[in-house]
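# Fold and geometry: a report
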Number of protein chains: 2
Amino acid sequence: MAEYTLLNQINSPKDVKKLNASERKELAEEMRQAIINRVSKIGGHLGPNLGTVELTIALHTVFDSPKDKIVFDVSHQCYPHKLLTGRQRGFLTQEGFEEISGYTNPQESEHDMFIVGHTSTSVSLAAGLAKARDMQGQKFNVIALIGDGSLSGGEAFEGLDNAGDFKSNFIVIINDNEMSIAENYGGLYGNLAELRKNHGQAKSNYFTALGYDYVYVENGNDAEELISVLQKVKESTHPVVVHVHTLKGKGYKPAEENKEMFHWTVPFDVKTAQPTVDFGAKGYGEYVADYLEEQAKKNDKLAVINAATPGALALQEFRARHREKYFDVGIAEEHAIAFTSAMAKGGMQPIALFFGGFVQRAYDQLSQDLCLNKSPAVLVIENTGISGMDATHLGVFDIPLMSNIPNLVYMAPASVDELYRMLDWAMAQKDFPVAVRTPAVKPQELKFKPQKPIVLNEFEMTKKGSKVVLIGLGSMLKLAEDTADILAQKGIDATIVNPRFMTGLDENLLNSLIGEHDTIVTLEDGVLDGGFGEKIARFYGPTGVKVYSFGADKEFPDRVPADELYRRYCLTAEQIANKIL
Amino acid sequence: MAEYTLLNQINSPKDVKKLNASERKELAEEMRQAIINRVSKIGGHLGPNLGTVELTIALHTVFDSPKDKIVFDVSHQCYPHKLLTGRQRGFLTQEGFEEISGYTNPQESEHDMFIVGHTSTSVSLAAGLAKARDMQGQKFNVIALIGDGSLSGGEAFEGLDNAGDFKSNFIVIINDNEMSIAENYGGLYGNLAELRKNHGQAKSNYFTALGYDYVYVENGNDAEELISVLQKVKESTHPVVVHVHTLKGKGYKPAEENKEMFHWTVPFDVKTAQPTVDFGAKGYGEYVADYLEEQAKKNDKLAVINAATPGALALQEFRARHREKYFDVGIAEEHAIAFTSAMAKGGMQPIALFFGGFVQRAYDQLSQDLCLNKSPAVLVIENTGISGMDATHLGVFDIPLMSNIPNLVYMAPASVDELYRMLDWAMAQKDFPVAVRTPAVKPQELKFKPQKPIVLNEFEMTKKGSKVVLIGLGSMLKLAEDTADILAQKGIDATIVNPRFMTGLDENLLNSLIGEHDTIVTLEDGVLDGGFGEKIARFYGPTGVKVYSFGADKEFPDRVPADELYRRYCLTAEQIANKIL
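Structural notes, computed from the coordinates. Note that the structure is a prediction, hence the values are computed from the model and not measured.

The rules behind these values
Residues numbered from 1 in each chain as written. Chains lettered and ligands numbered in written order. Predicted model: local features only at pLDDT ≥ 70, side-chain atom pairs only at ≥ 80, totals over all residues. Heavy atoms only, no water. Helix = DSSP H or I, 4+ residues; strand = E, 2+ residues; numbered from the N terminus. Rg over C-alpha atoms; globule rule 2.2 N^0.38 Å. Buried < 20%, exposed > 50% of the residue type's maximum accessible area, 1.4 Å probe, protein only. Contact = heavy atoms within 4.5 Å. Areas by Shrake-Rupley, 256 points an atom, 1.4 Å probe, with all protein chains shown as cover. Lys, Arg positive; Asp, Glu negative; His and termini not counted. Charge placed at Lys NZ, Arg CZ, Asp CG, Glu CD. Phe/Tyr/Trp six-rings, centres within 6.5 Å; stacked < 30°, edge-to-face > 60°. Lys NZ or Arg CZ within 6 Å of the ring centre and 35° of its normal. Buried area = accessible area lost by both parts, 1.4 Å probe. Salt bridge = Lys/Arg side-chain N within 4 Å of Asp/Glu carboxyl O. Polar contact = N/O pair within 3.5 Å; in protein donor to acceptor, adjacent residues only side chain to side chain. Nonpolar A, V, L, I, M, F, W, Y, C, P; charged D, E, K, R; others polar. Pairing = 2+ DSSP bridges. Axes fitted to C-alpha atoms, helices over the stretch in contact; angles between N-to-C directions. Least-squares fit on C-alpha atoms with pLDDT ≥ 70 in both. Core = buried A, V, L, I, M, F, W, Y, C linked by side-chain atoms within 4.5 Å. Parallel < 35°, antiparallel > 145°, perpendicular 65-115°, else oblique. Left-handed = near helix turned anticlockwise from the far one by under 90°.

### Remarks on the overall build of chain A
When helices and strands are tallied, chain A shows 24 helices and 18 strands. Rg of the C-alpha trace for chain A: 26 Å, near the compact-globule value of 25 Å for 581 residues, within the 12% margin. Dimensions of chain A, computed from the C-alpha atoms along their principal axes, are close to 80 × 55 × 50 Å. Expressed as a percentage of the 581 residues in chain A, the buried residues total 68%. Here the contacts in chain A between residues at least 6 apart in sequence split such that 75% fall between residues at least 24 apart. As displayed, chain A has an accessible area near 18,800 Å², and 49% of this comes from carbon and sulfur atoms. In chain A, 59 positive and 77 negative side-chain charges are present, and the distance between their average locations comes to 1 Å.

So, in structure tokens, the structure goes:
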């Protein structure tokens, strides 16, 4: 059992300022213990947080939060900050784990500026705070802490570029831990490597090219060196980049050695470094990876693209086996879509994979670079639908986002079998971009065996009944079946439809339902607003047929368990059957 | 009358290669005449195209299009290319003006790689072509031509960053004409200025920092210098940036002198450089600018943000009068939204203005940086709705894009009077981000006088009737009124509703309509899919009340006149009345 002698005395950053050098060293060790404690028990970002313990101590020693404002990029590196701003309980007790999230949130603490969970936003957000400060004649420091792969995102560049000609204090700290979420690709990371190698010198310097003063901190895990540098830049009246070289995973050997695995990790045994959760049967990610593996064997035009998330998308084995067909473009979703579109135009058969909550980072590229150009690329949007994730990582907005773009075919499979059919169909055609979404549920729960071949915008009636139609989109087909079972007990023989497509209606089938049915029920695991059910409601609008749409509310629930959300949204078979009856 | 002796002999790039230096000079003059001819008669991008005449001649002299692939960023600089690839008619005759668009389009010519009209995409698209080439063992050059402000967009950085470590031929040509659409802001343009000043030398070089070889061309309007440089980089086996210094507007004095005005211009008299179209009465942009002017007088917290489009948004006078309150962040919509959100959090009252088709470049920032954080910023989305614009510049996707994001309040005013009420209401509250859209129609046609004060999600019934309800969103309230007039002649006294809000339904009002009405008609000037009418259809879905939704189809019409689109979409009073009857 670790002791937290010093950590327990830190009620706010004020207490950090009282420490001497040897106490700071001791505090750092205690903080590492606390971070490992939390992450080993509930999972989370380990490597980047272990790497920035001293940096955070230095920040809270030199600056005066919340008067001085520190903006944490993507929050990968905010755990040490939480430990020093009165939120130790988030790392020590089960209740605390639940109460304190893994991301910054002003509702949690006045020391957090924004709710942040997507990368590459910190410089822009800090720039807005700095400009508001200057316009109001206020005096304080604004600091953006960015790194750990976030610099490859376009918004980070846009922010750096714009703030590069500010005429006042603006501090950007680059946490350079030599690794992105997966690996750093691209030119900028070569520049960082050159700067590291030559103690901050390079033929060209990305940051000074953008107008920043530049300071290099060789040992970013030495609080004393950091404090001395930060004290200097505190008084700067010009934008400055402090390039801090840290060790990702510092203090926990397995995390130092396997940076990718411990970037974000499931719960693990601290002694053995092995996961303590049973992953059980295969997830959708693995099934998609199997598909890619099969394709790689027979399709020499295959190219697999992702934006820095091989772990979350189960692509690591594919990467190891097929380096030449695998492209991780870094955290750069916009580029990923345009690059994929052009690959298809160039004669390849690209499949680009995205985590559900992140594809929205490239809406304009979906619309313009991909769909307007009708490039026959294939996208797989994984981990969509209702889940218990953080408000920043929800997968329920993809249907309104994607299904209302012209030329795109967007499909929702009701099982792995159907997923494979859809992917085969997508790969076999050359007419338009096709995207397929996979849900955040266990594939083993979805046993649907598709009968009807895939034909554009044709729905499949899986059971013919009367009076009530249950249209279950993708994984919700199972819920339609369960609801039908309950209705059957009450003497209602419901028709069940698997729509398969979200981007076009099967008007023949929908029209044929009129007459024998007076009630249509739509079920989807996404927000209702702008989603699939509304398209069905509009279709039947002029007919007088009654349509009931069930799906998620338009909201940002934060770590609300999925089963609670299903109940909240009236998405259980009992609730739906009751509504119908 | 200009003579096009040489230009008329150019049927394809092959013919360009036959010319000698003096003929190239002559050809350049003829091309300038042709460009001025087109733009003076139908409007378009003048300055950037005049500046890149020699560059394009050099490209088609050295490279072998379409085997070699040239990707034009945002197409601002594609007119000379069109002139050299068999599309002279697009610059010489009225039929040609209509046939040939101002943007690249593979349907027009095999020499065009993509349909492009949004900025900052060329490097990513070219990267995909280059990678597809390498994977298939093909041999040709891939060239991205970017510049004229596009480098500040995040996607351009993402592409440069990723392609910076390619190991094969990849040529990026920077057309540095010293100006963005408005002015270049930000750090990178400082670096370009330093490089220009020192003949390609600088303390740091943005491009070499990203891993590129770098060549500077001082006189980018000298075809011979360009040809010699391009011949060298043609054989390069490493990514290379050719930084070409051109004169925006070259060859037409007024465009050289007023770069912003002639970046994109309406038709003008070549002799006087004055517009030849009568702008007539004020547009929505001017009315919004008046509002900003009033605010600036009384509100010391006001900050006005835009992304490089002061001309299109009528912000030039505001900029001149209120430099300290005005922020043009460059072509960087993602940063613009995050910056705006943070300004609001920092105590200012920011109003950010976007051109309708461009706000989609920042969906993730709308969702995460702005709405999840509930920053009380105000957005004005201008030039939305159905128009006759290019497929790349449509304003009909904003409703599905924005109205399905939690926490955002999105409003559509039915007239300037109502626009002002909405803006006042938005500025007076501190609870959520509010966006207001203005339509691409003449404000003078919309005379609606609002009676009911703005209250969140309350619709206004402007006329009480029976049987039929016409819900006209924003500018479509007028169409609802016109339709009601026709219906009145047929003995139907329709109810008219102005919904005002797109992000929340007035359930009390909608419920109160049931009983006395059996038909609800929704009218919107945006795509129906994911839009406003579908929300109404879903609301009434369970009631049996009939709902007819009218709006735009999900498609990318390209320069189809607005009135033709209105008819295509059944959006004339006669068509709607007939449907109802």
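Right, picking up where we left off after that structure.
### Examining the packing of aromatic side chains
Scanning all chains against the criterion turns up 35 aromatic pairs over all chains. Taken together, a centroid distance of 6.3 Å and an interplanar angle of 10° make the contact between Phe207 of chain B and Tyr214 of chain B stacked. Like Phe207 of chain B, the residue Tyr214 of chain B is buried in the burial classification. Site record: aromatic cluster; members linked through ring pairs are Phe157, Tyr206, Phe207 and Tyr214 of chain A together with Phe157, Tyr206, Phe207 and Tyr214 of chain B. Between Lys131 of chain A and the ring centre of Phe166 of chain A, over which it is positioned, the NZ or CZ distance is 4.3 Å. The positively charged end of Arg38 of chain B is found above the aromatic ring belonging to Tyr79 of chain B, 5.5 Å away from the centroid.

### Quick look at helix H9 (residues 154-163) of chain A
Burial runs high along H9 of chain A: 10 of the 10 residues are buried. Listed in full, the buried residues belonging to H9 of chain A are Gly154, Glu155, Ala156, Phe157, Glu158, Gly159, Leu160, Asp161, Asn162 and Ala163 of chain A.

### Overview of the interface of chain A and chain B
If you look at the interface, chain A gives 101 residues, while chain B gives 101 residues. Roughly 8,400 Å² of surface becomes buried between chain A and chain B when both sides are summed, with 58% attributable to carbon and sulfur atoms. The largest share of the area that chain A buries against chain B comes from Glu158, Arg538 and Phe556 of chain A, three residues that together contribute 9% of it. Where chain A packs against chain B, one counts eight salt bridges. Among the salt bridges present, the one from Asp364 of chain B reaches Arg361 of chain A, with a minimum N-O distance of 3.1 Å. Across the chain A-chain B interface, the total number found is 46 residue pairs in polar contact (both at pLDDT 80 or more). Class assignment for the residues of the side of chain A that touches chain B results in 43 nonpolar, 36 polar and 22 charged.

### Remarks on the sheet that holds strand E8 (residues 302-306) of chain A
Residue and element names in this part refer to chain A. Strand order in the open sheet made by the six strands is E9-E8-E10-E11-E13-E12, with parallel pairing throughout. With partners counted over all chains shown, the strands left at the sheet margins are strand E9 (326-328) and strand E12 (409-411), one partner each. For this sheet, the mean inter-axis angle between neighbouring strands, taken without regard to orientation, is 20°. Across three bridges, E12 lies against strand E13 (residues 434-439) in parallel orientation. Along E13, the bridge assignment pairs Met411 with Val436. Where helix H16 (residues 333-345) meets the sheet, its contacts fall on E8, E9, strand E10 (349-355) and strand E11 (378-384), and the angle it forms with E10 comes to roughly 160°. Sheet contacts for helix H19 (residues 416-428): E8, E10, E11, E12 and E13; angle to E13, the most-contacted strand, approximately 165°.

### Considerations on the sheet that holds strand E3 (residues 142-147) of chain B
Residue and element names in this part refer to chain B. Taking strand neighbours across the sheet as the criterion, the five strands line up as E2-E3-E4-E6-E5 in an open arrangement whose pairing is parallel. Each having just a single partner strand, strand E2 (69-72) and strand E5 (213-217) make up the two edges of the open sheet. On average, each strand axis in the sheet is inclined to that of its neighbour by 20°, with strand direction left out of account. Sheet topology places E3 next to strand E4 (residues 170-176); five bridges connect them, and they run parallel.

### Some points on the relation of the copies chain A and chain B
After a rotation of 180° and a shift along the axis of 0.0 Å, chain A superposes on chain B with an RMSD of 0.0 Å. The relationship between the two copies is best expressed as a two-fold rotation axis. Both copies share a contact surface, since 100% of the interface residues of chain A are interface residues in chain B too.

### Let's talk about the environment of Ile173 of chain B
Residue and element names in this part refer to chain B. Here Ile173 lies in strand E4. Residues Ile173 and Leu6, spaced 167 residues apart in sequence, show a C-alpha to C-alpha distance of 26 Å. Those residues in contact with Ile173, other than ones at most four positions away along the chain, are Leu55, Leu59, Ile143, Ala144, Leu145, Ile146, Leu230, Val242 and Val244.

### Concerning the pairing of strand E2 (residues 69-72) of chain A
Residues and elements named next belong to chain A. Across the two faces of E2 the burial is the same, with Lys69 and Val71 and Ile70 and Phe72 all buried. Of the pairings in the sheet, the one linking E2 to strand E3 (residues 142-147) comprises four bridges and is parallel in character. Across the sheet, the residue bridging to Val71 is Ala144, located in E3.

### Thoughts on the environment of Gly86 of chain A
Inspection of the secondary structure puts Gly86 of chain A in the loop between helix H5 (79-83) and helix H6 (89-92). In sequence terms Gly86 of chain A and His322 of chain A are 236 residues apart; their C-alpha atoms lie 47 Å from each other.

### Topic: the pairing of E13 of chain A
Buried residues dominate E13 of chain A, accounting for six of its six residues. The side-chain alternation of E13 of chain A yields two buried faces, one formed by Val434, Val436 and Thr438 of chain A and the other by Ala435, Arg437 and Pro439 of chain A.

### Thoughts on the side chain of Glu418 of chain B
Residues and elements named next belong to chain B. By secondary structure assignment, the location of Glu418 is in helix H19 (residues 416-428). This buried residue, Glu418, is left without a salt bridge; Arg500 holds the nearest opposite charge, at 4.4 Å. For Glu418, the side chain forms a polar contact with the main-chain nitrogen of Ala414, separated by 2.7 Å. When sequence neighbours within four positions are dropped, the list of residues in contact with Glu418 reads Ala412, Pro413, Phe448, Pro450, Glu460, Asn498 and Arg500.

### Some details on the nonpolar core
By size, the foremost hydrophobic cluster in this structure holds 276 residues, and its most contacted members are Phe170 and Tyr206 of chain A together with Phe170 and Tyr206 of chain B. Once residues within four sequence positions are removed from consideration, Tyr206 of chain B is found in contact with Phe157, Tyr206, Ala209 and Leu210 of chain A together with Phe157, Leu160, Leu188 and Asn191 of chain B.

### Quick word on the pattern of salt bridges
Residue and element names in this part refer to chain A. With the rule as written, the count across this model stands at 68 salt bridges over all chains. In this structure, the salt-bridge partner of Glu294 is Lys297, at a minimum N-O distance of 3.1 Å. A residue pair is termed a helical-turn pair when its members lie 3 or 4 positions apart in one helix, as Glu294 and Lys297 do in helix H14 (residues 284-298) at three residues. Assessed through its relative accessible area of 60%, Lys297 is described here as exposed.

### Considering unusual backbone geometry
Residues and elements named next belong to chain A. With an omega of 5°, the peptide bond between Ser65 and Pro66 qualifies as cis. Phi is positive for Asn383, close to 60°, though the residue is something other than glycine. Summarising the element assignment, Asn383 is placed in strand E11.

### Structural notes on the packing of helix H8 (residues 122-135) of chain A against helix H16 (residues 333-345) of chain B
Close contact between H8 of chain A and H16 of chain B brings their axes to 7 Å; oriented N to C, the two are set at 45°. Here H8 of chain A lies oblique to H16 of chain B, going by the angle between them. By crossing handedness, the relation of H8 of chain A to H16 of chain B is classed as right-handed. Seen from H8 of chain A, the contacting residues are Ser124, Leu125, Ala127, Gly128, Leu129, Lys131, Ala132 and Met135 of chain A; seen from H16 of chain B, they are His335, Ala338, Phe339, Ala342, Met343 and Lys345 of chain B. Classifying every residue of the contact of H8 of chain A with H16 of chain B gives nine nonpolar, three polar and two charged.

### Here's the deal with the environment of Gly251 of chain B
Residue and element names in this part refer to chain B. As for its position among the elements, Gly251 is in the loop between strand E6 (239-245) and helix H13 (253-257). A residue is classified by how much of its surface remains accessible, and Gly251, at 49% relative accessible area, is partly exposed. Ignoring any residue separated from it by four or fewer positions in sequence, one finds Gly251 in contact with Arg32 and Glu256.

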